[in-house]
Amino acid sequence: MRFSSFLPGLTAISSVPLVTAFPQAGSSGLASRQSDNCEFDSANSPECWGEYSLSTNWYDEAPDTGVIREYWFELQNKTLSPDGFPRLALTVNGTVPGPTITGDWGDTFVIHVKNGLQNNGTSIHWHGIRQLNASDQDGVASITQCPVAPGESMTYRWRATQYGSTWYHSHFSLQAWNGVFGGIVINGPASAPYDEDKGIVMLSDWHHNTTDYLYHEASIMAPPQAQNGLINGLNVYGDGGERYKMGFESKKTYRLRLVNTAIDTMWKFGIDNHTLTIIASDLVPVKPFEIDMLSIGIGQRYDVLVTADQKPGNYWMRAIPQMTCSSNEQMLNIRGIITYDDETVAEPTTEGHDYNDDCNDVPLENLVPALSLDAGASSFEEVFDVNFNIQRGFFKWVINNNTFLSDWGEPTLQKVLNPDAVFTEEEQIITLNETNAWTYLIIETAAGLDHPIHLHGHDFFILAQEKGTFTDASQLNLKSPHRRDVAMLPGQGFLAIAFQNDNPGTWLMHCHIGWHTSQGFALQLVERKSEIESKTDADLVDGVCAAWNKYQDANMIEQEEDSGV
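All figures in this text were calculated on a predicted structure; none of them were measured in a lab. (Residues numbered from 1 in each chain as written. Predicted model: local features only at pLDDT ≥ 70, side-chain atom pairs only at ≥ 80, totals over all residues. Heavy atoms only, no water.)

A. Local environment of the packing of aromatic side chains. Applying the stated criterion across every chain yields a total of 24 aromatic pairs. Judged by centre distance (5.1 Å) and plane angle (35 degrees), the rings of Phe73 and Tyr168 are tilted. Taken together, the residues Phe73 in strand β4 (residues 67–80) and Tyr168 in strand β10 (residues 164–170) connect sequence positions 95 residues apart. When its relative accessible area of 3% is taken as the criterion, Phe73 is described as buried. (Phe/Tyr/Trp six-rings, centres within 6.5 Å; stacked < 30°, edge-to-face > 60°. Helix = DSSP H or I, 4+ residues; strand = E, 2+ residues; numbered from the N terminus. Buried < 20%, exposed > 50% of the residue type's maximum accessible area, 1.4 Å probe, protein only.)

B. Fine view of the side chain of Ser563. In this fold, Ser563 is placed in the segment after α5 (538–554). Only 2.7 Å separates the side chain of Ser563 from the backbone oxygen of Thr517, close enough to count as a polar contact. Sequence-distant contacts of Ser563, defined by excluding residues within four places in its chain, comprise Phe404, Leu405, Ser406, Thr517, Ser518 and Gly520. (Polar contact = N/O pair within 3.5 Å; in protein donor to acceptor, adjacent residues only side chain to side chain. Contact = heavy atoms within 4.5 Å.)

C. Up close: the sheet that holds strand β32 (residues 486–489). With mixed pairing, five strands are arranged side by side in an open sheet as β27-β35-β34-β29-β32. Two strands close off the open sheet at either side, each with one partner strand: β27 (429–432) and β32. On average, each strand axis in the sheet is tilted by 20 degrees relative to the strand beside it, whichever way the strands run. Of the pairings in the sheet, the one linking β27 to strand β35 (residues 522–527) comprises four bridges and is parallel in character. Bridged to Ile429 within β35 is Gln524. (Pairing = 2+ DSSP bridges. Axes fitted to C-alpha atoms, helices over the stretch in contact; angles between N-to-C directions.)

D. Molecular detail of the state of the cysteines. The tally for this structure, following the rule as stated, stands at three disulfides. Each sulfur of the disulfide joining Cys325 and Cys359 lies 1.9 Å from the other. Judged by the sign of its S-S torsion, about -105 degrees, the bond between Cys325 and Cys359 is left-handed. Taken together, the residues Cys325 in the loop between β23 (314–321) and β24 (335–340) and Cys359 in the loop between β24 and β25 (378–391) connect sequence positions 34 residues apart. The thiol sulfur of Cys511 is not disulfide-bonded, and the nearest other cysteine sulfur, from Cys325, lies at 10 Å. Judged by its relative accessible area of 0%, Cys511 is buried. (Disulfide = S-S within 2.5 Å.)

E. Representation of helix α1 (residues 211–220) within the structure. Within the sequence span of α1, burial applies to Thr211, Leu214, Tyr215, Ala218 and Ser219. In an axial view of α1, the angular spread of the buried residues amounts to 140 degrees, which keeps them on one side of the axis. On the buried face of α1, the contacting elements are β26 (394–399) and α3 (514–518). (Arc of directions from axis to C-beta.)

Below, the structure is given as structure tokens:
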């Protein structure tokens, strides 16, 4: 069973990558028989996947197909006009968004990344991918690697032990939001039937200046207002640009893979006159439930089904910034067009669903994992208080009164392998050495701002997500709580998460608002330190760092006010 490497529904501004897929003998990893053979059919047996199924516990076992999905990326400076307004963008193979990479559950992805950017290092993070026993492939500058220097290349290699919808993006400073991002589709079982997969639908906020230029404003005043938002790289602005368009055939049910790639926008997403059926959040399938307008936090993904059950015509697809925590010139004009059958594409006259402007996650009671797993009792628990202050005239975020700072030229993973390395308080390291023990992290804030919290290397169990202050009396749900890799920390509230120490490596946890990450809203885990060396390609780490430090020294590169991630 094979799928096309490029799914419909992604409109990029230019070309697509080369890709090959071929079997390779001798691959190793988690693989065992889970169920009787049952072939996947999206309309009739969506829960099946050969010897595996929707009920497979992918944290313990997953296919190992031996198939290699190989891609070549070149990052390039390019002037683009995704909404009709020209600006400098940083692109993957010349497009924004970059090409979607596609494979099946259990395939191995090999992505060759050449840094052709001017005056920019880079690293590529594969958002939500667990990277089991492969921290050196996580792609986070100053944590798992040094930046790839201009003119240099790095090859990432990882196996898809999960399935679903996600994205890749630069994890070097604010580079992602200048255009270095794209979709990831890993085909696998689903919790409800559908007829056709429309692929990735990326929702991006868009500034008419670079994020690097705007960072000074964000750090001395307030986050700058976005000029626009893009749906799969398209929208209108003034008299320029064009709408994103998608075709429906009457009576068919379609799968859309929604991704919030914004730097600072919480979206409400909906299609006029249609109901969305949610079947997955992040890389975790959920029991299907219906909703009209879907809240999507930064970095989050939702797989939704939409049935073309309305009168043939044109309908608005809407992505609406939530002004409670976002700002956009085009608040009600970030739209695409759904056109039925052979109808002529035209501006719809439909009206949108009612909604509340807020920055709340979908209620936890709606997000019921298709695979039920309980959280274990904690062996380690820590509370982290989030606040902000002014340092040297710049706005900074603090966690337990400490602002995160790491070094592009000496990443944590490299330091872990050096017995003489000295770690600083600003690196915000949590050491977790007990194998498979349960860790509870409680993040709380007295400030009124909501934050999307993302953990690398793990899905986490959401034990509580509430307004108010966390106390010993706070109720934690350990019985089949929802799991994901990004969840909202409510303003003036707390988020309690849990995960097992089952993945040796160095892993970042941070707010996914781009400005906030660069302003120090982060901490990191060093997990099962004694096992990390045997699971790390030290020559790869050292080689990338040697090239970066040579470039950095020759060009007198300074991190200035950037946190390093």
